[in-house]
Amino acid sequence: MNTSFVKVIHFTRLVKIQGRLREFNYKKNNNAGEYVFDVDTADERGNRLFFRLSKEDNEWSLTSNQPLPEWIGQHKEQLVAELEAGLQEN
């Protein structure tokens, strides 16, 4: 019997955006591709915000099925830097 395992990669990073420390949860989506991460965080009212960071042709893109506040899109580079730092630690 041959069994293979796929490592689940997930981590949390605290990022200061607009003077507020926010928690971002990153989880690698092994079913969607090599460089696809599902991310969630909370807004000011505690509502969960979900989006995806994916890398194609050495360029990261941010997509979501729900409307996101501007502060997420404006800090995409910072979120990607935290993602890459978290990958190096795991």
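Residues numbered from 1 in each chain as written. Predicted model: local features only at pLDDT ≥ 70, side-chain atom pairs only at ≥ 80, totals over all residues. Heavy atoms only, no water.

Q: Can you tell me about helix α2 (residues 76-89), naming the residues and giving the values?
A: In this model α2 runs 20 Å from its N-terminal to its C-terminal C-alpha over 14 residues, within 8% of the 20 Å that 1.5 Å per residue would give. Restricting attention to buried positions, one finds in α2 the residues Leu 79, Val 80, Glu 82, Leu 83 and Gly 86. Buried positions in α2, seen along its axis, are confined to an arc of 160 degrees and lie on one side of it. Facing away from the buried side of α2 by more than 90 degrees, the exposed set consists of Glu 77 and Gln 88. (Helix = DSSP H or I, 4+ residues; strand = E, 2+ residues; numbered from the N terminus. Expected span 1.5 Å × (residues − 1). Buried < 20%, exposed > 50% of the residue type's maximum accessible area, 1.4 Å probe, protein only. Arc of directions from axis to C-beta.)

Q: Tell me about the pairing of strand β3 (residues 36-42), and please be specific about residues and values.
A: Of all the seven residues making up β3, five are buried; the element is thus mostly covered by neighbouring parts of the structure. Alignment of strand β2 (residues 20-28) against β3, held across four bridges, turns out to be antiparallel. In the strand pairing of β3, Asn 25 is matched with Asp 40. Here β3 runs beside strand β4 (residues 48-56); their pairing, made up of seven bridges, is antiparallel. The residue of β4 that forms the bridge with Val 36 is Ser 54. Counted along the chain from β3 to the antiparallel partner β4, the turn is five residues long, and its residue Gly 46 has a positive phi close to 90 degrees. (Pairing = 2+ DSSP bridges.)

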